[in-house]
Amino acid sequence: MSAVYWFARGGSNLAKWTPRPLRERLGYAIGTSSYLAWRSKRQVTLLNMAQVAGKPVNDPRVQYLAYASWRNYGRYAADFMNFANMAAEDIESSVLDVTEGASCWQTYLEQAKQAGRGIIFVSAHFGNWDMAGAILARYITFSAIAETFTDGRLNTLLQNQRKEKGIAIIPLEGSPRRILRTLQQNQVVGLLVDRPVTQQQGTPIRFFGRTTYVPGGTAALALKSGAAILPGYVWYGPRNQMLLRAFPPIFPQSSGDRDSDIATVTQRIYDSLEEMVRAWPTQWYMFRQFWPTEGIDA
């Protein structure tokens, strides 16, 4: 068995008996150490945060945002180690809903369900997306699209933690037919959308004032199936308070121009993410180069 598997298994068992403040301190330490030691990822994070902040890479504000995002990612990782030990109802009770324009996030969920074509729940590498999935799974049948780890034992261990919270897993490499079938049953499919790709592979969007390229598959799937898109996020607020916000559902409409429709829907998804990252930049764990390098001040 791999060292990573044993680390994850031991960490999960240890987390059960470790007080949350200590878990958080350990997570912060691991995240900070990774940031300092991993030069290539540190540079990428700085480039991304420079675009978010609208400042040069060497600006103190950018330096802080990059460092703090890795620190917060360490906290998320520590919480995920304890995910198997948490009851879904306790997770929900610990989260404050700050959804705007609705009495609560369930209002938007009900609106999305009314179309009867399923729901695509979209989030990002932001805050704590596993808690978002655990809460959603209490209200509707929910399947998460997840990458498969090459180590089968590790994959089983981590995915079982999600399954125990009522989250079914659809492998990212799996058949699109399974995803469409899930939507046809008016259920929810969830995925993290913030993945940069090349210009040749992606759909262009404007994100923090610059054009970048991201997969258009989520929008294409919604247009093909008629599913509503529901953006939502759970993240760490002040004084260890967990916060939740959903955005109004997106109901894609076909104009007959497929490429234009995909671009329009994809842009709307990223508009919600930009709003979240602008307000809480250190909660965005983007350690891949998200924008083309040209146009960023070094």
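Residues numbered from 1 in each chain as written. Predicted model: local features only at pLDDT ≥ 70, side-chain atom pairs only at ≥ 80, totals over all residues. Heavy atoms only, no water.

### A look at the packing of helix α2 (residues 20-37) against helix α4 (residues 60-81)
- Orientation of α2 relative to α4, taken along the N-to-C sense of each, is 135°, at an axis distance of 7 Å. Taken together, the axes of α2 and α4 lie oblique to each other. In this structure, α2 crosses over α4, and the sense of that crossing is right-handed. Contacts between α2 and α4 involve R20, R23, E24, G27, Y28, G31, T32, S34 and Y35 on the former and, on the latter, Q63, A66, Y67, W70, R71, N72, G74, R75, A78 and D79.
- Residues belonging to the contact of α2 with α4 are distributed by class as follows: six nonpolar, seven polar and six charged. (Axes fitted to C-alpha atoms, helices over the stretch in contact; angles between N-to-C directions. Helix = DSSP H or I, 4+ residues; strand = E, 2+ residues; numbered from the N terminus. Parallel < 35°, antiparallel > 145°, perpendicular 65-115°, else oblique. Left-handed = near helix turned anticlockwise from the far one by under 90°. Contact = heavy atoms within 4.5 Å. Nonpolar A, V, L, I, M, F, W, Y, C, P; charged D, E, K, R; others polar.)

### Digging into the nonpolar core
- The biggest cluster of nonpolar side chains holds 82 residues, and the ones touching the most others in it are F207, Y270 and W284.
- Apart from the residues within four sequence positions on either side, W284 is in contact with M49, V52, S69, H125, F126, D194, F207, L273, V277, F290 and W291. (Core = buried A, V, L, I, M, F, W, Y, C linked by side-chain atoms within 4.5 Å. Buried < 20%, exposed > 50% of the residue type's maximum accessible area, 1.4 Å probe, protein only.)

### Side note on the pattern of salt bridges
- A complete count under the given rule lists seven salt bridges for this structure.
- The partner of E92 in a salt bridge is R138, and the shortest N-O contact between them spans 2.5 Å. On the criterion of sequence distance, the pair formed by E92 in helix α5 (residues 88-93) and R138 in the loop between α7 (129-136) and β3 (142-146) is long-range, its members being 46 residues apart.
- Judged by its relative accessible area of 16%, E92 is buried.
- Overall, the relative accessible area of 42% leaves R138 in the partly exposed class.
- For the salt bridge of R162 with D130, the shortest nitrogen-to-oxygen distance reads 2.7 Å. Here R162, found in helix α8 (residues 152-163), pairs with D130, found in helix α7; they are 32 residues apart in sequence, far enough to count as distant.
- Overall, the relative accessible area of 14% leaves R162 in the buried class. (Salt bridge = Lys/Arg side-chain N within 4 Å of Asp/Glu carboxyl O.)

### Comments concerning the packing of aromatic side chains
- This model, assessed by the stated rule, comprises 27 aromatic pairs.
- An angle of 90° between the planes, with centres 6.0 Å apart, marks the rings of Y233 and F247 as edge-to-face. On the criterion of sequence distance, the pair formed by Y233 in strand β8 (residues 228-236) and F247 in the loop between β9 (242-246) and α11 (258-279) is long-range, its members being 14 residues apart.
- Linked through ring pairs, W38, W70, Y73, Y76, F80, F83, W129, Y285 and F287 together constitute an aromatic cluster.
- Over the ring of Y28 we find R71; its NZ or CZ atom is 3.7 Å from the centre of that ring.
- Positioned above the aromatic ring of F83, the side-chain terminus of K165 is 4.8 Å from the ring centre. (Phe/Tyr/Trp six-rings, centres within 6.5 Å; stacked < 30°, edge-to-face > 60°. Lys NZ or Arg CZ within 6 Å of the ring centre and 35° of its normal.)

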